[in-house]
Amino acid sequence: MSPAARLRALTPDWIADPKVWRTEILAGLVVALALIPEAISFSIIAGVDPAVGLFASFTMAVTIAVVGGRRAMISAATGAVALVIAPLQREHGLGHLVAAVILAGVFQVVLGALGVAKLMRFIPRPVMTGFVNSLAILIFMAQVPEMTDVPWPVYPLIIGGLALMVLFPRVTTAVPAPLVSIVILTVITVAAALAVPTVGDKGELPSALPVPGLPDVPFTVETLTTIAPYAFAVALVGLMESLMTAKLVDDITDTPSNKTRESVGQGIANIVTGFFGGMGGCAMIGQTMINVKVSGARTRLSTFLAGAFLMVLCVVFGPVVSDIPMAALVAVMVMVSFATFDWHSVAPRTLRRLPAGEIAVMVITVGCVVATHNLAIGVVVGSLTAMAVFARRVAHLAEVTAVTDPDGTTVVYRVTGALFFASSNDLVGRFDYAGDPGRVVIDLSAAHIWDASSVAALDAIEAKYARRGKTVEITGLNAPSAHLHERLTGEPAGR
């Protein structure tokens, strides 16, 4: 294959499609506008200058567009990372925060290379649904402060913005409705000289690009021990949110993504962000939904341009961007919240059909996320709850039936189902130790031994019979069960 042919083979099909370019460019612009107040707000949470959050959003988006594994997903400074890193900033200053971000990136690269993304398959569906719904609720809750104790013109502006986003797509989808809404509301606000909160009220925008450099900390073991716990927490929270968001985008776009590459990419993006003095970040569900679901973006171009436009808007068009009313961005995020929520999951018809345990898992996941404002805690608690529900359900699937030989010298117990710590606890009480004949056969051909608790239960059964002078023979073990039984009891199991 010639170099020219090889280049054509590696070039994406959309490169020559003007419609895709228009969609991606406009989507990137909308996301950049929405990122500015968010990044400033997260900077305030972390206790740093607004420029630190804006620089992080720029470097995260641009870097992940190149090295990430999920196309069209937006990564930037996030509230979850800000909450984790804020105590370090308060106690030790910006230098330690930046160093922790770099170390968090290193942790993420290592965890990604070790295959942490494969753990995603253990996230149950109700937890994923709870994750999506809690995100929608958090996005809406984050807008509530912008709608309380504000001048009355804010409310008609928000209503007008929502109406534009609902009605404009019926006219044309050539331009993203959120962008139209932001432009029109800004023009109205400036022309009418409305005294309403604007983006500029959130904080001063940077006037120059970030400059790379090393964190201002002593490079000692003491510094490492100080920042390591925060860095590891940032790494875990960032990976969990990013992988869950990537899975959500997979479902929305019906396209796969490379989760291992995304995990490593998040680490690289945080390392780059740290060296540019940013506060770190991860995937952003709200801006990703604007990009993918509202604007229709599907490529890395929109992610890259979101970061690039962010800096251009701040550095070049700072005075114009500062005049954008917060009501316009609130309307966009409220629409995103509504579109993100899985309304089917709470429909009465759906709830009537779902098992009570799965409903409980979904509700607990949502409750934990909303209560803690931490998606990672909600996902972990929800997953543990789902495991407990599953274990309780499976524990009752192990059945024991007994058949005595006509001559009365042998009884055969047939055990059916999965034997693990939950089901094996009841196993010992299912045998008639006093009334059974001298020879007992336990047939496990329709069962499977999963853990040491099950082996210990079988040992206890044999010991109870042995004390009564009766023999026990275990038969029918499949190869994995026989190997586990033999290894943990020290006595070869019969087949």
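Scroll up to find the structure.
Residues numbered from 1 in each chain as written. Predicted model: local features only at pLDDT ≥ 70, side-chain atom pairs only at ≥ 80, totals over all residues. Heavy atoms only, no water.

Our next topic: the nonpolar core. General note: in soluble globular proteins, nonpolar side chains tend to be found buried as a group. Residues Ile36, Leu54, Ile85, Phe131, Met279, Ile290 and Leu310 are the most contacted members of the largest nonpolar core, which totals 102 residues. It is helix α2 (residues 18-46) that contributes the most residues to this core, 12 residues altogether. Among the nonpolar cores identified, the runner-up in size contains 25 residues, and Tyr413, Leu427, Ile449 and Ala482 belong to it. (Core = buried A, V, L, I, M, F, W, Y, C linked by side-chain atoms within 4.5 Å. Buried < 20%, exposed > 50% of the residue type's maximum accessible area, 1.4 Å probe, protein only. Helix = DSSP H or I, 4+ residues; strand = E, 2+ residues; numbered from the N terminus.)

Between its terminal C-alpha atoms helix α6 (residues 125-143) stretches 28 Å, which fits the 27 Å expected from 19 residues at 1.5 Å a residue. Burial within α6 is extensive, with 14 of its 19 residues counted as buried. (Expected span 1.5 Å × (residues − 1).)

With that settled, consider the layout of surface pockets. Taken as a whole, the largest pocket encloses approximately 710 Å³ of empty space. Lining of the largest pocket is provided by 30 residues; of these, Glu38, Phe42, Gly79, Leu138 and Ala142 occupy positions nearest its centre. Elements with a contribution of two residues or more to the lining of the largest pocket: α2, α4 (79-92), α6, α11 (285-294) and α14 (326-340). Among the elements that take part in the lining of the largest pocket, α6 stands out by supplying six residues, more than any other. Here the lining of the largest pocket is composed, by residue class, of 18 nonpolar, eight polar and four charged. (1 Å grid on protein atoms, 1.4 Å probe; cavity = no way out; pocket = protein on both sides within 12 Å on 5 of 7 lines; lining within 4 Å. Points joined across faces, edges and corners; volume = space filled by probe spheres on them. Nonpolar A, V, L, I, M, F, W, Y, C, P; charged D, E, K, R; others polar.)

Its identity as a non-glycine residue notwithstanding, Ala72 has a phi of 75°, on the positive side. For Ala72, the position within the fold is in the loop between α3 (50-67) and β1 (75-76). Exposure remark for Ala72: the relative accessible area of 2% places this residue in the buried category. At Asp149, a residue that is not glycine, the phi angle is positive and equals roughly 55°. Note that Asp149 resides in the loop between α6 and α7 (154-171).

Let's shift gears to the sheet that holds strand β6 (residues 471-475). Spatially, the four strands line up as an open sheet ordered β3-β4-β5-β6, and their pairing is mixed. The open sheet is flanked by β3 (399-404) and β6, the only strands paired with a single partner. Ignoring which end each strand starts from, the neighbouring axes of this sheet average 20° apart. Where strand β5 (residues 439-449) meets β6, five bridges bridge the pair, whose relative direction is parallel. Each residue of the ladder has a partner; that of Val440, found in β6, is Val472. Sitting on the sheet, helix α19 (residues 452-466) touches β4 (410-419), β5 and β6, and the angle it makes with β5 is about 175°. Taken strand by strand, helix α20 (residues 479-489) contacts β5 and β6, and its axis lies near 120° from that of β5. (Pairing = 2+ DSSP bridges. Axes fitted to C-alpha atoms, helices over the stretch in contact; angles between N-to-C directions. Contact = heavy atoms within 4.5 Å.)

This part covers the environment of Pro153. Structurally, Pro153 can be placed in the loop between α6 and α7. When its relative accessible area of 11% is taken as the criterion, Pro153 is described as buried. With 36 residues separating them along the chain, Pro153 and Thr189 place their C-alpha atoms 9.3 Å apart. Look past the residues within four positions of Pro153 in its chain and what remains in contact with it is Leu194 and Val196.

Our next topic: the pairing of β5. Of all 11 residues making up β5, eight are buried, and the element is well covered by its neighbours. Taken together, the nine bridges between β4 and β5 define a ladder with parallel strand orientation. Opposite Gly417, over in β5, you have Ala447 as the bridge partner. In this region the chain leaves β4, passes through helix α18 (residues 421-427) and returns to the parallel neighbour β5; the handedness of that crossover is right-handed. Note that the unit made of β5, α19 and β6 has a crossover that is right-handed. (Right-handed = clockwise from strand over helix to strand, strands pointing away.)

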